[in-house]
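The primary structure of each chain is shown beneath.
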Amino acid sequence: MNRLGIIGLIIITVFFLVALAAPMLAPYDPRTQLPTDNNLPTSTRLQPTRSNPFGLDDLGRDVLSRVIYGARISMRVGVTVVSISAFIGLVIGAISGFYGGWIDRFFAGFLFNVFMSFPSLLLAIAMVAFLGPSLGNLILALSVIGWVGYARLVRGQVLKVREFDFVTAARALGAADLRLIVRHILPNAIQPLIVQASLGMAGAVLSEASLSFLGLGVPPPTPSWGAMLNDARSYLSVAPHLLLFPGLAVMLTVMAFNFVGDGLREWLDPKQKR
Amino acid sequence: MGQSELIEIRDLTKHFPASRGAVVRAVDGVTFSIRRGETLGLVGESGCGKTTIGRCLLRLIEPTSGAISFDNRDLLALGRGELRRLRRRMQIIFQDPYSSLNPRMKVGAIIGEPLSIHESLTRQQRRDRVAELLTLVGLAPDYANRYPHEFSGGQRQRIGIARAIALKPDFIVADEPVSALDVSVQAQIVNLMQDLQSQFGLTYLFISHGLAVVEHISTRVGVMYLGKLVELAPAAEIYSNPLHPYTQALLAASPAPDPDAARAQKAARVRLAGDAPTPLNPPSGCRFHTRCPAAIEACRKEEPPLVEVSPGHWAACLLHPAGVESPAATVRSSNNT
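Along every chain, residues carry numbers that run from 1 in the direction the sequence is written. Each chain gets a letter, beginning with A, and each ligand a number, beginning with 1, in the order they are written. Predicted model: local features are reported for residues with pLDDT of at least 70 only, side-chain atom pairs are reported and counted for 80 or more only, and whole-chain, interface and lining totals are derived from all residues.

**A few points about the overall build of chain A**
A count of helical and extended segments in chain A gives twelve helices and zero strands. Per the convention used, a helix needs a DSSP run of H or I reaching at least four residues, while a strand needs a run of E reaching at least two, with both numbered from the N terminus. When the helices and strands of chain A are placed in sequence order, the string is α-α-α-α-α-α-α-α-α-α-α-α. Dimensions of chain A along its principal axes, counting C-alpha atoms only, are 80 × 50 × 30 Å. The burial criterion counts other C-beta atoms lying within 10 Å of a residue's C-beta, which is placed from the backbone; the residue is buried at 20 or more, exposed at 12 or fewer, and partly exposed between these limits. Counting only residues that meet the buried cut, chain A has 45% of its 274 residues in that class. Each residue gets a C-beta atom placed from its backbone, and two residues are in contact if those atoms lie within 7 Å. Intrachain contacts of chain A at a sequence separation of at least 6 include 74% that bridge at least 24 residues.

**Examining the interface of chain B and chain A**
In this assembly, 22 residues from chain B lie in contact with 16 residues from chain A. Among the elements of the structure, β6 (90-93) and α3 (107-118) of chain B are those that each provide at least two residues to the side of chain B that touches chain A. The class makeup of the residues in the side of chain B that touches chain A is nine nonpolar, six polar and seven charged. Three categories are distinguished: nonpolar for Ala, Val, Leu, Ile, Met, Phe, Trp, Tyr, Cys and Pro, charged for Asp, Glu, Lys and Arg, and polar for the others, with Gly belonging to the last.

**Describing the packing of helix α4 (residues 63-99) of chain A against helix α5 (residues 101-117) of chain A**
Residue and element names in this part refer to chain A. Axis lines are fitted to C-alpha atoms, over the contacting stretch for helices. Their N-to-C directions set the angle, which ranges from 0 to 180 degrees. Orientation of α4 relative to α5, taken along the N-to-C sense of each, is 135 degrees, at an axis distance of 7 Å. If you check the angle between α4 and α5, you find them oblique. You can see that α4 and α5 cross each other, and the crossing is left-handed. On α5, the residues touching I92, I95, S96, G97 and Y99 of α4 are G101, I103, D104, F107 and A108. Any angle that falls under 35 degrees is termed roughly parallel, while one over 145 is termed roughly antiparallel, one within 65 to 115 roughly perpendicular, and all others oblique. Here a crossing is called left-handed whenever its near helix is offset anticlockwise from the far helix by less than a right angle, and right-handed whenever the offset is clockwise.

**Observations concerning unusual backbone geometry**
Residue and element names in this part refer to chain B. Positive phi is not limited to glycine here, since D11 has a value of about 55 degrees. Along the chain, D11 falls in strand β1 (residues 5-17). Positioned with a positive phi, D71 is a non-glycine residue whose angle comes to about 50 degrees. By the C-beta count within 10 Å, which is 16 here, D71 ends up partly exposed.

**Thoughts on the sheet that holds strand β12 (residues 313-315) of chain B**
Strand pairing in a sheet relies on backbone hydrogen bonds. The paired strands run either parallel or antiparallel. Residue and element names in this part refer to chain B. One open sheet holds the eight strands; their spatial order is β6-β7-β8-β3-β9-β10-β12-β11, and the pairing between them is mixed. Two strands close off the open sheet at either side, each with one partner strand: β6 and β11 (307-310). This sheet shows a mean twist of 20 degrees between the axes of neighbouring strands, independent of strand direction. Two strands qualify as a pair provided that DSSP identifies no fewer than 2 bridges between them. Across five bridges, strand β3 (residues 39-43) lies against strand β8 (residues 203-208) in parallel orientation. Looking across to β8, one finds that G41 is bridged to F206. In this fold helix α9 (residues 245-253) packs onto β3, β9 (220-225) and β10 (228-234), with an angle of close to 105 degrees to the strand it touches most, β9.

**Here we look at the environment of G200 of chain A**
All names here are of chain A. For G200, the position within the fold is in helix α10 (residues 191-213). Residues G200 and I10 lie 190 residues apart in sequence; the distance between their C-alpha atoms is 19 Å. Those residues in contact with G200 that sit more than four places away from it in its chain are V82 and G146.

**Here we look at helix α7 (residues 135-161) of chain A**
Residue and element names in this part refer to chain A. With 27 residues, α7 extends 38 Å from end C-alpha to end C-alpha; this agrees with the ideal 39 Å at 1.5 Å per step. The term bend refers to the angle at a residue between two fitted axes, each drawn through seven residues, those ending there and those starting there. Of all the bends in α7, the greatest, near 30 degrees, is centred on I145. Counting buried positions along α7 gives 19 out of 27 residues, so the element sits mostly inside the fold. By definition here, a helix of n residues has an expected span of 1.5 Å times n minus one.

**Some points on the pairing of β8 of chain B**
Residue and element names in this part refer to chain B. When you tally the buried positions in β8, you get six out of six residues, the bulk of the element. Residue alternation in β8 divides its side chains into two sets, T203, L205 and I207 and Y204, F206 and S208, and both sets are buried. In the sheet, strand β7 (residues 171-175) pairs with β8 via five bridges, with the strands oriented parallel. Paired with A174 across the strands is F206, a residue of β8.

**Points about the environment of A162 of chain B**
All names here are of chain B. In this structure, A162 sits in helix α5 (residues 153-165). Accessibility expressed as a C-beta count within 10 Å gives 25 for A162, which makes it buried. In the structure, A162 is positioned 95 residues away from A67 in sequence and 30 Å away in space, judged by C-alpha atoms. Excluding its chain neighbours within four sequence positions, the residues that come into contact with A162 are I111, L133, L134, L136 and V137.

**Digging into the sheet that holds strand β4 (residues 65-70) of chain B**
Residues and elements named next belong to chain B. A sheet is described by the order of its strands in space; here four strands give the open sequence β2-β1-β4-β5, paired in antiparallel fashion. Across the chains shown, the open sheet's two edge strands, defined by having one partner strand only, are β2 (23-35) and β5 (73-74). Note that β4 and β5 share two bridges and pair antiparallel. Within β5, the position partnered with S69 by the bridge is D74. Together, β1, β2 and β4 form the strand contacts of helix α1 (residues 50-57), whose direction differs from that of β1 by roughly 120 degrees.

Here's what the structure looks like:
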C-alpha cells in the first residue's frame, strides 16, 4: 500500500486501540465532574492545565478522557454502520444488477427510489424517536438509510462488469451464478465501494454527531465526539479548545479513513502494483 | 442426421428487442452445418449477425427460434444441468484479449478455472495441467503466477486459447480471435490454432470480418449479410469463384499481396457504396439489393433462397439459380455417399 494509506491505517489502528483501552488510558472517568473554582471566569476555569491537558468541558468533565471514550462510540458507529449497509448494499446491488428483469425493476426501479426520496436524516430521526434513543437503534437507523447508496453503486458496477468477455467466458465454461458473481464480477466491481465505504465512515461519524445533538444519539452522559462538538458550540468564544479536540479527533478519523480508502484502491488494483 | 456433422443449425433466428416494440433482426433464418474436424469461416461486416450466431451456438444467447443440434443432441432442449455438463465440449475464444481475461485472477487461476468447475483435481494436479496447457500454447509454465496485464495482446490470446482447450473440447467458437492483434502476431495465433486443431481434432467456427484472415485456416467459408447467410462454399471455391456480388465485393476489398495483382484487382474492383442498412428495418427482397451493383428488378421483391449452385457451393442470389434443395437435405445426401 502507498505511504498515505499506511499512515491512515496507523491512525485508525491507534484510534481503535485507544477505543479498546479507553478505561486504562483515560486519566479520569469521562462522566464525573471534577471540582473547580467557580469564582474564576469560565474561560480560565475550563482552560487546559497540567492535570487536564485538553481542559474541562462546561460541566467540569475532563475533555481528554471524554475524547478517549468518544473514540469508542465513533469507531463502533462508523464500523458497524458501514459494514452493515455496505454488506446489504453489496448483496442487493449484485443481485439486482446481475439478474436484471423484474428483480432489478423491483429493487432499482422501486425500492431504491423509495429510500432515496426520504430525507435520510429525518428518516433516522423518526426511527430513533420511535424505537427510543440508544446506540443500537442509532446504528440500525443509519444502516437502514445507508445501504441504498452502496446498492446503487454496486448495481451500476455489476451492470458494467457483467458485460465483459471474461464473464461470458466463465459462463461458457459452465460457471454457476454464484461463482460468476463472487469470483468474476464483484472483485472487479467493488473498487468504488471501498472508496464509498471510507467516505461512509466519515458520514456515519458525522450523522451520529447530528443525531446526538438532537438527543437522538447516544444518551448523555456517554461521551461521543459529535455530542461534545455540539455542546461546545455555545462556548466557542470563551473556550475554543472544547471544539478543537473532538473536532481534531473527527478530522483525523475521517482523513485516515480516506487515506486507507485510496491506499486500498491502489493496492487492490494489480495494474498499479510494481 | 449425418455422422460427419458436429453442429447443425436450422432456420436460426435471433431478434433483439429494440425501443418502441421494434426488433433488431440480428440473425434471420440461417441454416448451415459444421462438420467434425473442419474449420468453418464465417465472414461479414460488423452487425451482420456472425457473433450472435456464435453466441447462440454456445447458448450464451437464447435464439428466438430455430434449431441447433450438437453431436446429434438438441441443444435448445437441454436443461441447466445438462447444458453445464455439455459446456465442457464447446468453448469460445474472444476478439478482445484485454477484456476476455479477468484482471484480478492470476493466469494459473484463469486457465485452471474450467478444471475446477468440471473436474475434481488436487491442487497439484491442477497446477500440473495448467503448466502443461501453458506449454501447449507456447508460453512458459511459470507464467501461471502472473496477472494478465503483464502480457502482450498475443500472449493474452494464447492464455485465452489455453483456457478454451483446457477441457479438451470438440468445438470452439473463435470470435474474431486475431482481429485485435498485430499482423505478425495474427499469423502466429492462426498457426497455433491449426496446430491444436490437428492435435486434438478440434472443430472451429472461425468468425471474422474479412475474407483474408479466414482464407488460410478455413475448410469452408460462409458469408453473411444483414442476418442472412448469402454464400457458403469450400474455401478455395469462395476465393476462386465467388458467386454472390457481396462476396465479390468483400474479396475486392481485401488487400492483395502482389502489386500486379493489386493493380488488376483495383481495375476490376467491385465497390460498395454506403453503409449496410440497419437490421432494424432490413430492405425487402434480397437484403443486398440496395448496394448491389448487379441488382435487377426482381431483387427488390423476391427474397433469394440459399441454393446449391454447384456441388457444395451455396449462394442466395437470384442471378445464380440452381436446384431448389434445402441445404440440410443435400448435406444428408452427401453423407450417404
